[in-house]
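# Understanding the architecture of this molecule
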Amino acid sequence: MCGIVGYTGHREAYPIVIKGLKRLEYRGYDSTGVALLNGGLKVYKKKGRVADLEEFLVGKDLHSHIGIGHTRWATHGEPSDRNAHPHTSNSGKLTMIHNGIIENYAQIKKELLTKGYTFTSDTDTEVLLNFIEDIKENNECNLEEAVRVALKRITGAYCILLLDEADPETIIAARKGSPLVIGVGKGEHFLGSDASPMLEYTKEVVYINDYELAIVRPDELILKNLGNEKITPFVTKLDLKLAAIEKGGYEHFMLKEIFEQPSTILDCLRGRLDASAGMITMSGVQQNIEAFKTAGRIIIVACGTSWHAGLLAEYIIEELCRIPVEVEYASEFRYRNPVINKGDIIIAISQSGETADTLVAINRAKEQGAIIFGIVNVVGSSIARLSNGGAYTHAGPEIGVASTKAFTGQLAVLTMMALKIAKEKGTIADERYTQLLFELESVPEKVEALLKNADAIEAIAEKYKDASDALFLGRGYNFPIALEGALKLKEISYIHAEGYPAAEMKHGPIALVTATLPVVFIATNDTYHEKIISNIQEIKARKGKVIAIITEGDDVIPGLADDVFYVPAADEIIAPILSCVPLQLLSYYMGIARGVDVDKPRNLAKSVTVE
Ligand code: M6R
């Protein structure tokens, strides 16, 4: 949450910073600000989007070769001009941006108030900045030293960038828990919460680790730990193209990402799955294969959509590999005292690889000796680096706040993993294994085929756009998809939605059924097909409106449901990768019909780096 950009070098800083902020806006969009340094600090900030700030700055003197910028997702203090970053210290000589939460800020603020400091915002950031200034002045040390001392005293998470009026070429940066990437150019350096702001300038980047502090000048990048020892920066080559972070002709990133799925799923399978040869090649799984084969238990930790992928994985892994699986919300797991036994494997699932709760959860488990296997989309992210082994989803940058292509990538990786482990463990019959490999291989073209009928979903969305509530029901492998469909609809259209196992609806939610309640059934052909037909009839008997996602050729449900959408036939283990796609489209079109900014729905941010 919150996007951070910085630049120091020979170019004009403002255009780089403002463009970078637009690319990072998915991380938060409550308010925006930039600080430049040219004969004194200049700080401009405003409530609202990056475009609002940009418009406000037209005609202003923005000349500077150094700058920092911030796009905020509010934690401490409402979204407003005064709570927007950058914040300026009491002396007016320092300015800082911050992504994260300083947990002991109240106590530090108290100390600073007794020393006469004043505050113009409600933020924890302004407290940390003045704390740094206080240390600098009282200890008569330089800014770098003051930052180090301050960071040792605070608890919480941070990525901070600071400018000092007295040092017009240097940005001081540090991180713990919130991401920071530094791009290395010729006579220039770029800083960002991810690499997107620097893509057209350099492919050489350094991922900063927790408890590291960077002194960044045009010709110099010095990395130190909080003990003031130098660390050699590890430069990595970026494998990311500009086109991947642009809309490519689509009106929204979310729609682009939904339609990219045939190719992102293919990218995920490519080089790993060879159905004709009966092979799955996953080096991360192979390296840990003995641990998987002998695992007493797998614990999956994740949040949101990634948690739904984990829930489906529980069904698949238990069925194919006969390993008990537990699926935990990372935010709960990290604060419980979970029993982790020798031989347990933790699978962490995360698109961003930066979700704070998931990160802390796996840290805890690692301390207790668990093996951590990461299923992550963002290459080089914190969870990827913390894991003992893993598999990337290769979905490419996901910018729309609603997770779509990352989810289908997670499902594809988890299914491949389960098949590989089952084969190695001998818990799957050869014939079934081969059949599922071919089924998985055909998913990209099946997704492509169903996307050709997106108009049908658009028409359904138009019909139900005024609903105030919705129910999503599924059984077996389609139950996690019901949960995911409900989450998508909530976040993108602001319609209250609940996901339930279809049979569970009789135990309460059926009381909600009226003639105006849309009930979405994920009712593809599977073991439970007849049972779910009964559930549909129970809803129709109470005059509820039924929208059903069904398999091509189904000739029963169309006679019962008010609206149907067909997906190509697939094995029940594979079908969820198909049936989630119309639900993504449904939420998108409902959101559009209701006038929601679907790429940036209210109160949300793409990467939840605070707990
Ligand atoms: O980056 P992660 O996969 O760890 O993120 C987890 C959730 O924050 C994320 O899936 C969230 O629920 C999305 N907004 C869902 O569309």
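The shown structure was predicted, so the numbers you read here are calculated from the model rather than taken from an experiment.

Cut-offs used in this document
Residues numbered from 1 in each chain as written. Predicted model: local features only at pLDDT ≥ 70, side-chain atom pairs only at ≥ 80, totals over all residues. Heavy atoms only, no water. Helix = DSSP H or I, 4+ residues; strand = E, 2+ residues; numbered from the N terminus. Rg over C-alpha atoms; globule rule 2.2 N^0.38 Å. Buried < 20%, exposed > 50% of the residue type's maximum accessible area, 1.4 Å probe, protein only. Contact = heavy atoms within 4.5 Å. Lys, Arg positive; Asp, Glu negative; His and termini not counted. Charge placed at Lys NZ, Arg CZ, Asp CG, Glu CD. Phe/Tyr/Trp six-rings, centres within 6.5 Å; stacked < 30°, edge-to-face > 60°. Pairing = 2+ DSSP bridges. Domains from an automatic or database assignment. Axes fitted to C-alpha atoms, helices over the stretch in contact; angles between N-to-C directions. Parallel < 35°, antiparallel > 145°, perpendicular 65-115°, else oblique. Left-handed = near helix turned anticlockwise from the far one by under 90°. Nonpolar A, V, L, I, M, F, W, Y, C, P; charged D, E, K, R; others polar. Near = heavy atom within 4 Å. Polar contact = N/O pair within 3.5 Å; in protein donor to acceptor, adjacent residues only side chain to side chain. Areas by Shrake-Rupley, 256 points an atom, 1.4 Å probe, with all protein chains shown as cover. Salt bridge = Lys/Arg side-chain N within 4 Å of Asp/Glu carboxyl O.

## Considerations on the overall build of the protein chain
Helix and strand counts for the protein chain come out as 20 helices and 27 strands. Taking 25 Å as the expected radius of gyration for a compact globule of 611 residues, we find that the protein chain reaches 25 Å, a close match to that expectation. The 611 residues of the protein chain split such that 61% are buried. Counting contacts in the protein chain only where the partners sit at least 6 residues apart, residues at least 24 apart contribute 71% of the total. Within the protein chain, one finds 65 positive and 81 negative side-chain charges whose respective centroids are separated by 2 Å.

## With respect to helix 7 (residues 261-269)
Burial in helix 7 covers these residues: Gln261, Pro262, Thr264, Ile265, Cys268 and Leu269. Where helix 7 ends, the next residue or the one after it, glycine 271, has phi of about 80°, a positive value.

## Remarks on the packing of aromatic side chains
According to the stated counting rule, one finds seven aromatic pairs in the structure shown. Look at phenylalanine 292 and phenylalanine 373: their rings are 5.3 Å apart centre to centre, the planes differ by 75°, and that puts the pair in the edge-to-face class. One end of the pair, phenylalanine 292, is in helix 9 (residues 289-294); the other, phenylalanine 373, is in strand 21 (residues 371-376), with 81 residues separating them in the sequence. Residue class for phenylalanine 292 comes out buried when judged on its relative accessible area of 1%.

## With respect to the sheet that holds strand 7 (residues 156-164)
Reading across from one edge, 5-6-7-8-12-13-14 is the order of the seven strands in this open sheet, with antiparallel pairing throughout. At either end of the open sheet lies a strand with only one pairing partner, and these are strand 5 (87-88) and strand 14 (230-231). Here strand 8 (residues 171-176) runs beside strand 12 (residues 212-217); their pairing, made up of five bridges, is antiparallel. When the bridges of strand 12 are listed, arginine 175 appears paired with glutamate 212.

## Regarding the domain arrangement of the protein chain
Structurally, the protein chain comprises domain 1 (3-99 + 158-243), domain 2 (250-441) and domain 3 (451-601). Placing the centre of domain 1 and that of domain 3 at their C-alpha centroids yields a distance of 43 Å.

## What about the packing of helix 14 (residues 405-425) against helix 15 (residues 430-441)?
Packing of helix 14 against helix 15 leaves a shortest axis separation of 11 Å and a crossing angle of 160°. It follows from the interaxial angle that helix 14 and helix 15 lie roughly antiparallel. When you trace helix 14 past helix 15, the crossing you get is left-handed. In this structure, helix 14 uses Ala412, Thr415, Met416, Leu419 and Lys423 to contact helix 15, whose residues at the interface are Asp430, Tyr433, Leu436, Leu437 and Leu440. For the contact of helix 14 with helix 15, the residue count by class is seven nonpolar, one polar and two charged.

## Focus: the pairing of strand 27 (residues 563-567)
A one-sided burial pattern is seen for strand 27, the buried positions being Asp563, Phe565 and Val567 and the unburied ones Val564 and Tyr566. As defined by bridge partners, strand 26 (residues 545-551) adjoins strand 27 across five bridges and the pair is classed as parallel. Counted as the bridge partner of alanine 548 is valine 564 from strand 27.

## Here's the deal with the packing of helix 7 against helix 14
Interaxial distance between helix 7 and helix 14 falls to 9 Å at its minimum, and their mutual angle equals 30°. Here helix 14 runs roughly parallel to helix 7, going by the angle between their axes. Here helix 7 runs over helix 14; the crossing is right-handed. For the pair helix 7 and helix 14, contact is made by Gln261, Thr264, Ile265, Cys268 and Leu269 and by Lys405, Thr408, Gly409, Ala412, Val413 and Met416, respectively. Tallied by class, residues from the contact of helix 7 with helix 14 come to six nonpolar, four polar and one charged.

## Side note on the site of the ligand
Neighbouring residues of the ligand: 15 residues in total, closest Ser306, Ser350, Ser352, Thr355 and Glu491. Within the contact set of the ligand, an oxygen atom lies 3.0 Å away from a backbone nitrogen or oxygen of threonine 305. The side chain of serine 352 places a nitrogen or oxygen atom 2.7 Å from an oxygen atom of the ligand. Burial of the ligand by the protein amounts to 92% of the accessible area it has alone, namely 410 Å². Where the shell around the ligand is concerned, the elements lending two or more residues are helix 10 (304-321) and helix 18 (479-493). Among the residues forming the shell around the ligand, the class breakdown is five nonpolar, eight polar and two charged. Both domains that furnish three or more residues to the shell around the ligand are identified here as domain 2 (250-441) and domain 3 (451-601).

## Focus on the sheet that holds strand 15 (residues 235-237)
If you trace the eight strands from one edge of the open sheet to the other, you get 3-2-4-1-10-9-11-15, paired in antiparallel fashion. Of all strands in the sheet, those with a lone pairing partner are strand 3 (41-47) and strand 15, marking the two edges. Neighbour-to-neighbour, the strand axes of this sheet turn through a mean angle of 20°, independent of strand direction. Examined bridge by bridge, strand 1 (residues 3-8) and strand 10 (residues 189-192) share four bridges and lie antiparallel to one another. For glycine 6, the partnering residue across the bridge sits in strand 10 and is leucine 191. Taken strand by strand, helix 1 (residues 13-24) contacts strand 1, strand 2 (31-37), strand 4 (66-72) and strand 10, and its axis lies near 160° from that of strand 1.

## A word on the environment of valine 581
Inspection of the secondary structure assignment puts valine 581 in helix 20 (residues 575-593). The spacing of valine 581 and serine 64 is 517 residues in sequence and 46 Å in space, taken between C-alpha atoms. Once residues within four sequence positions are removed from consideration, valine 581 is found in contact with Ile258, Gln261, Thr408, Val447, Leu450 and Leu451.

## Regarding the environment of alanine 370
Inspection of the secondary structure puts alanine 370 in the loop between helix 12 (356-367) and strand 21. C-alpha separation for the pair alanine 370 and alanine 418, spaced 48 residues apart in sequence, amounts to 19 Å. When sequence neighbours within four positions are dropped, the list of residues in contact with alanine 370 reads Ile340, Asp344, Ile346, Ala365 and Asn388.

## Examining the pattern of salt bridges
This structure, assessed with the given rule, holds 35 salt bridges. Residue glutamate 424 pairs with lysine 420 through a salt bridge whose shortest N-O separation is 3.6 Å. Of this pair, glutamate 424 and lysine 420 are both found in helix 14, four residues apart, which corresponds to roughly one turn of the helix. Exposure remark for lysine 420: the relative accessible area of 6% places this residue in the buried category.

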